[in-house]
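Geometric and topological summary
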Amino acid sequence: MLRLAVVASLGFQGIGATEQCAESGTCKAELDDAAMMQLGKRSGVRGQAIRSKSEMKRGAGASQPYFPPAGPAPHYVPLNINEDGVINQYYLPGANITEDGNAVTYTPPYRFYLMKTGTTDYQNPDNFYKPLFMGKTFTVDIDFGANGASCGCNINFYLVDMPVAEPGDEGDYYCDAQCFQGKGCCAEFDMNEGNNVVQQVTNHACTGKGSYNGHPDWECNKWGDPEVKTHPSDFGPGEQHTINTNEPFTYSQVFDANGGDMIFTTTMSQNGRSKVLQMGPGNAQLNDMMTHGSLEQGMAFVTGYWYASDMNWMDGDTCGSGAETCNMRPVTIRNWRITTNGAPIPFSPTPAPTPPTPPPPSPPTPESVGHCCWNGCSSCNDDPGHYCNAGKQTCEGDCGGNWCGGV
């Protein structure tokens, strides 16, 4: 997952990336490498060796781990997960837990880790809640709202084999299958990446150097195998799609095996209609993820929301190849359930109607200009017309940020 945030940031920098080379140390060769990596993924050109670069600057919307601000430890609201009819409480420190603990309302740019307690000590593996998903079904209800989370946005949940031994360049002991310098290297299973026009599922096993034709330096499958995604007619805003993303829908994933063959089935359902995406059986990389990739032992559950101007690798079938602008609208994922395969999935109550999108605020007077920021006041949204910049209450409520620089 993080590999896409790093690469996508280059497109977000746009024309200014070349001029910034001397200041940032990110030079044209590195930008070209990242662009070629994405070009290869989109076009199917897999015979050419492509180097990845971890020194690249991340853009404004790239994924960031959550750490609390300085001062007294914050109070974290627990997340309710229904496990075979029993409501258990876990934590996504920093996330906006809503609806009495039954939902998470996402805004960019953080990623969160599922923890047993409200701690951000990501070094200790015992702090993570790592569900044993094999033989289980994971189900949530996803609500983008009307025309929410547009092209260029990426709301996701995925599994990685963290924590690693070193804190890395962001201090969270993170790893994934891109094996970037400054990050750990480990298997990664993307259960979901998407926005309101696409959903994508990708397996990134790590079978070692020499396993991937044309890429002798790869330890893990950076592009992913297998990968499945929705077709534009399957999924999007409007009743013409099988799943109308203007309305909530159920997203359910079955982790199963037939002997040594893993079978992973994703079903999106809404009002009697459904779309099914299946990976396996008979895929060696998927089978390795089940055994050597640690699915059977449990992996860290990561979830978040980020954005970039070149999210075309994921949503280009609908959004095209041009620069994209994520609308950054909040997304709610509710009714989290983990059930044993074959058991009935607990009832999903009808969600409350999505509130109307508020009108854009009037332009602020110069003396009252403020910004909604995250990570203290270091990562701010500078668009005065953006929903999160409507004021302190909106920023620190719906958007989970900090109001900086204004009254």
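This one's a predicted model, so the numbers in the text were calculated from it and none came from an experiment.

Definitions and cut-offs
Residues numbered from 1 in each chain as written. Predicted model: local features only at pLDDT ≥ 70, side-chain atom pairs only at ≥ 80, totals over all residues. Heavy atoms only, no water. Salt bridge = Lys/Arg side-chain N within 4 Å of Asp/Glu carboxyl O. Helix = DSSP H or I, 4+ residues; strand = E, 2+ residues; numbered from the N terminus. Buried < 20%, exposed > 50% of the residue type's maximum accessible area, 1.4 Å probe, protein only. Disulfide = S-S within 2.5 Å.

1. Some words on the pattern of salt bridges
Going through the model one piece at a time under the given rule, you end up with ten salt bridges. Measuring nitrogen to oxygen at the nearest pair gives 3.0 Å for the salt bridge that ties Arg 111 to Glu 170. A residue pair is termed long-range when its members are at least 10 positions apart, and Arg 111 in strand E6 (residues 110–113) and Glu 170 in the loop between strand E8 (153–160) and strand E9 (175–176) qualify at 59 residues. Here the two residues Arg 111 and Glu 170 agree in accessibility, since each one is buried. Of the charged contacts in the structure, one is a salt bridge between Lys 183 and Glu 170, with a shortest N-O distance of 3.5 Å. You can see Lys 183 sitting in the loop between E9 and strand E10 (184–185) and its partner Glu 170 sitting in the loop between E8 and E9, a full 13 residues away along the chain. Beyond isolated ion pairs, a larger network of salt bridges with shared partners links Arg 111, Asp 169, Glu 170, Asp 172 and Lys 183.

2. Observations concerning the state of the cysteines
Scanning the model with the defined rule gives seven disulfides in all. Paired through a disulfide, Cys 153 and Cys 326 show a sulfur-sulfur distance of 1.9 Å. Disulfide Cys 153-Cys 326: torsion about the S-S bond near 95 degrees, hence right-handed. One end of the pair, Cys 153, is in strand E8; the other, Cys 326, is in the loop between helix H6 (312–319) and strand E20 (331–340), with 173 residues separating them in the sequence. For Cys 153, a relative accessible area of 0% gives the class buried. Judged by its relative accessible area of 8%, Cys 326 falls in the buried class.

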